[in-house]
Amino acid sequence: MNTVWIVDDDRSIRWVLEKALGREDIPHRSFSSASEALAALEVETHPPKVLISDIRMPGESGLGLLKRVKALHPQLPVIIMTAYSDLESAVSAFQGGAFEYLPKPFDVDQAVALVQRAIAQSAHQTGAPEDTTLTPEILGQAPAMQEVFRAIGRLAQSHATVLINGESGSGKELVARALHRHSPRREAPFIAINTAAIPRDLLESELFGHERGAFTGAAAQRRGRFEQAEGGTLFLDEIGDMPAELQTRLLRVLSDNHFYRVGGQQPIRANVRVIAATHQNLEDRVRQGLFREDLFHRLNVIRLRLPPLRERHEDIPILVRHFLQRSAQELGVEAKRMSDAAIKYLQAQPFPGNVRQLENLCHWLTVMAPGQTVEIPDLPPDMRDQPDREMPISWSEGLALETDRMIATAPGEVFDRLTREFERTLIRRALSATGGRRIEAAQLLGIGRNTITRKIQELGMDDERASAAEAGHHSAQ
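Worth saying up front: this structure is predicted, and the values here are computed from it rather than measured. (Residues numbered from 1 in each chain as written. Predicted model: local features only at pLDDT ≥ 70, side-chain atom pairs only at ≥ 80, totals over all residues. Heavy atoms only, no water.)

Focus on the sheet that holds strand 4 (residues 78–82)
The 5 strands lie next to each other as 2-1-3-4-5, forming an open sheet whose pairing is parallel. A strand with exactly one partner marks an edge of an open sheet, and here the two such strands are strand 2 (28–31) and strand 5 (100–103). Direction aside, neighbouring strands of the sheet carry axes that sit 20° apart on average. Bridge count for strand 1 (residues 4–7) against strand 3 (residues 50–54) is 4 bridges, and the pairing is parallel. If you follow V4 over to strand 3, its bridge partner there is V50. Contacting strand 1 and strand 2, helix 2 (residues 34–43) runs over the sheet at an angle of about 150° to strand 1. (Pairing = 2+ DSSP bridges. Helix = DSSP H or I, 4+ residues; strand = E, 2+ residues; numbered from the N terminus. Axes fitted to C-alpha atoms, helices over the stretch in contact; angles between N-to-C directions. Contact = heavy atoms within 4.5 Å.)

Some thoughts on helix 10 (residues 244–256)
Given a rise of 1.5 Å per residue, 13 residues ought to cover 18 Å, and the 19 Å separating the end C-alpha atoms of helix 10 matches this to within 8%. When helix 10 is considered as a whole, its buried residues turn out to be L246, Q247, R249, L250, L251, V253 and L254. Where helix 10 is buried, its residues contact helix 8 (200–208), helix 9 (225–228), strand 8 (233–237), strand 9 (258–259), strand 11 (273–278) and helix 12 (293–299). (Expected span 1.5 Å × (residues − 1). Buried < 20%, exposed > 50% of the residue type's maximum accessible area, 1.4 Å probe, protein only.)

Some points on the side chain of S183
Secondary-structure assignment places S183 in the loop between helix 7 (172–181) and strand 7 (190–194). Filtering out sequence-adjacent residues up to four positions away, S183 remains in contact with A156, S158 and R273.

Brief notes about the packing of aromatic side chains
Scanning all chains against the criterion turns up 5 aromatic pairs. Aromatic pair F208 and F226: ring centres 5.4 Å apart, planes at 5°, arrangement stacked. One end of the pair, F208, is in helix 8; the other, F226, is in helix 9, with 18 residues separating them in the sequence. Plain terms: the ring middles of F226 and F259 are 5.7 Å apart, the flat faces sit at 40° to each other, and that makes the pair tilted. You can see F226 sitting in helix 9 and its partner F259 sitting in strand 9, a full 33 residues away along the chain. No difference in accessibility class separates F226 from F259, as the two residues are buried. Through a chain of ring-to-ring contacts, the aromatic side chains of F208, F226 and F259 assemble into a single cluster. Just above the ring of W5 sits the side chain of R29; from NZ or CZ to the centre is 5.5 Å. (Phe/Tyr/Trp six-rings, centres within 6.5 Å; stacked < 30°, edge-to-face > 60°. Lys NZ or Arg CZ within 6 Å of the ring centre and 35° of its normal.)

Things to note about the pairing of strand 4
Taken across its 5 residues, strand 4 has 5 buried, putting it largely inside the fold. With burial as the criterion, each face of strand 4 is covered, one bearing V78, I80 and T82 and the other bearing I79 and M81. Inspection of the sheet shows strand 3 paired to strand 4 by 4 bridges, in the parallel sense. Note on strand 4: the bridge partner recorded for L51 is V78. Once the chain exits strand 3 it traverses helix 3 (residues 62–72) before rejoining the sheet at strand 4, and the crossover so formed is right-handed. Relative to strand 5, strand 4 is paired through 4 bridges, and the arrangement is parallel. Looking across to strand 5, one finds that I80 is bridged to Y101. (Right-handed = clockwise from strand over helix to strand, strands pointing away.)

A look at the nonpolar core
Within the largest apolar cluster, 30 residues are counted, with the highest numbers of intra-cluster contacts made by F226 and I239. Elements supplying a minimum of two residues to this core: strand 7, helix 8, strand 8, helix 10, strand 11, helix 11 (282–287) and helix 12. Of the residues forming this core, the biggest block, 5 residues, is contributed by helix 10. Counting 25 residues, the second largest nonpolar core, distinct from the first, contains L309, L319, L346 and L401. (Core = buried A, V, L, I, M, F, W, Y, C linked by side-chain atoms within 4.5 Å.)

Considerations on the pattern of salt bridges
All chains considered together, the criterion is met by 22 salt bridges. A salt bridge links R249 to E204, with the nearest nitrogen and oxygen atoms 2.4 Å apart. Taken as a pair, R249 in helix 10 and E204 in helix 8 lie far apart in primary sequence, 45 residues in all. Exposure remark for E204: the relative accessible area of 28% places this residue in the partly exposed category. The partner of R287 in a salt bridge is D284, and the shortest N-O contact between them spans 2.2 Å. Of the two residues, R287 and D284 both sit in helix 11, 3 residues apart, roughly one turn of that helix. Under the relative-accessibility criterion, R287 is labelled exposed at 64%. Shared partners join several salt bridges into a network, and the residues in it are E423, R454, K455 and E458. (Salt bridge = Lys/Arg side-chain N within 4 Å of Asp/Glu carboxyl O.)

Following this line, the structure appears as structure tokens:
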């Protein structure tokens, strides 16, 4: 069976691709026009795994071929080539369901790597379809998340004030909404306000409302968030940034369950459950005199710590699947899947933006990744090139990540390059420990002196040592 079909009226392009695919033992078949390929497709029992087509050809164009092929075989990856790289062609190709857009002239090795990725996707798509049932809003199998779920369950019948600690993007508002949804107040409003996002001079009115004429511009009476949340839950996000004077007013509300509108004379009863959240250490803020200690104790009745994503990396696969499905549903496209290698790569990332950053990444991939299966090279450039990882990993995990990266970026060279780097590192460290004495270094490594001499020569380390010695001589002068 021909794995790859090449459709191009340019004989030289067909020849180049045929030779490149032949070197990789990838079966292929060539056509000089879209009509020839379509005629063959109608009589073939088994369609190709990948189709590569030029855009501009005599007769039917590559985009027309793409449309007809997708109608017959929706899962068949189609790579569109063109010497006329322009936005309209690229957009038309992707809108038509192209796997990737390959501008001419192209690097042959990159083209072959792209074909291999498309073949891998085709193999995935012939397997069993994935269950696309959407999962619940809060997801987590990690022990730390299970503790959060248990706490929400224990608080199901409680009206107690809750303080949620967690980094930005870790899902504090989702937890607050879950606490409300499972509380006796579930039928009443849930009102959320980010106290750090509202200017200081407007925050008091936002929380407590104001009377008509209370200040310039107050043309009518306004109900604040406390009144809007009557009988329900008020979520105060980033409470650690609340100005000192408003901390005093909030403390009074929590103490006697009454408040006054700005400019008002009549007390208003506050029948509200308060859930507060912050990414800051409130104990430190209290010690620094930036947060009232008595307010801290009023808020700190029940405390939940929401773990950052780097502490629950085992949850990344289910979160990725959920976010990819949700993004696809919002955009009206087919949901993408992420390869095991890409998942492992993500699990080693620090994710300073936590779950929100992962969600944004999945939305980006839904729009920008070329195929239905997301591989490491499909990730945004800033995520692929992160030399410093905040999450400590073992050397074997680091080796696994580097192997995954090289499989995707340098197929066919992985074993040789990693083996040479492994041997070079061992010898370099042993020589460093012995002050450059080879016999002692060989003994430390458990190899023979002839072996270490041969390896130093094979790996070109004699030149390396000579350069280091010369640099040391110059620095000593």
